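Structure at a glance
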Amino acid sequence: MIRLGVNIDHVATVREARQGSSPEPTSAALMAELAGADGIVVHLREDRRHIQDRDVRILREVLQSRLCLEMAATDEMVEIASKTKPDVVSLVPERREELTTEGGLDVLSHLDHLTKVIHALHAAEIPVALFIDPEPKQIKAAQKIAADAIEIHTGRYANTQGALQRTHLNDIVESAKLAASLGMRVNAGHGLDYHNVVSIAQIPEIEELNIGHSIISRAVLVGITAAVSEMKSLMMSSRR
Ligand code: PXP
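For the rest of this paragraph, the subject is the overall build of the chain. Helix and strand counts for the chain stand at eleven helices and eight strands. Projecting the C-alpha coordinates of the chain onto the three principal axes gives extents of approximately 45 × 40 × 35 Å. When the 240 residues of the chain are sorted by exposure, 52% land in the buried category. In the chain, the share of contacts with a sequence separation of at least 24, taken over all contacts with a separation of at least 6, comes to 67%. Carbon together with sulfur atoms contributes 52% to the accessible area of the chain, which is approximately 11000 Å² in total. For the chain, the distance from the average position of its 26 positive side-chain charges to the average position of its 33 negative side-chain charges is 2 Å.

What follows is the structure, given as structure tokens:
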């Protein structure tokens, strides 16, 4: 069994292009659920470039599946999460000038701060995943500070080809094994699409894939129902 978390940030990106009310991310989320999404993922960025606070509140109320809130490890975000109570928080690094999340969290360099943030989220009874690169030292550090799960950054794998891509895939395979052996749940995401998802979905330790851009891009052309169900079928058939 492997779950699909559909990231709907870019539905909000289109809305924010005109700063109006359409398309409504919540509608997309509910349609994605009907098409087979096991959860909905949103990244509430510090600069609010796509998802807004109101979106998170409405999604929390109406979703039938799970809500994953991606956020930076800041006081403001911890407060919002503690109030809205997503099913899980995924802590990600954030830089204002980046187009998307460019690398994993450097857990090792921010042990004290991340420990405090995880503690605060646990106090609000919210499980925490850390978005990290597939590197053993980061995985061991994540376990040390009581992360419940890791989300392996698949960007390097997704952005390469051939032998280099196989090396990055191997890093992900080994990282998934290590994290699972340390008792953490293993998710993965970033840059996954209808072509490169199969090798990642085949990794038995991975429980969930979080996928946004490729699904929303396809949805513009074929509709969100077809886009989500095609991705879900591909993932499920990779596991057989
Ligand atoms: N996981 C995390 C932690 C992310 O930050 C993102 C991008 O918002 C994704 C998954 C999804 O990446 P993509 O949009 O490339 O599928």
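Next comes the rest of the write-up.
With that settled, consider the pattern of salt bridges. On inspection of all chains with the given rule, the structure shows 15 salt bridges. Here E16 ties to R15 by a salt bridge, and the two come within 2.9 Å at their closest N and O atoms. For R15, a relative accessible area of 5% corresponds to the buried category. A salt bridge links E76 to R48; its shortest N-O distance comes to 2.7 Å.

A few words now on unusual backbone geometry. Here the residue pair S22 and P23 is connected by a cis peptide bond, since its omega of 0 degrees sits within 30 degrees of zero. On the secondary structure map, P23 appears in the loop between α1 (9-18) and α2 (25-34). Here H190, not a glycine, exhibits a phi torsion of approximately 110 degrees, which is positive. Among the residues examined, H190 registers a relative accessible area of 23% and is labelled partly exposed.

Procedures and definitions
- Residues numbered from 1 in each chain as written.
- Predicted model: local features only at pLDDT ≥ 70, side-chain atom pairs only at ≥ 80, totals over all residues.
- Heavy atoms only, no water.
- Helix = DSSP H or I, 4+ residues; strand = E, 2+ residues; numbered from the N terminus.
- Buried < 20%, exposed > 50% of the residue type's maximum accessible area, 1.4 Å probe, protein only.
- Contact = heavy atoms within 4.5 Å.
- Areas by Shrake-Rupley, 256 points an atom, 1.4 Å probe, with all protein chains shown as cover.
- Lys, Arg positive; Asp, Glu negative; His and termini not counted.
- Charge placed at Lys NZ, Arg CZ, Asp CG, Glu CD.
- Salt bridge = Lys/Arg side-chain N within 4 Å of Asp/Glu carboxyl O.

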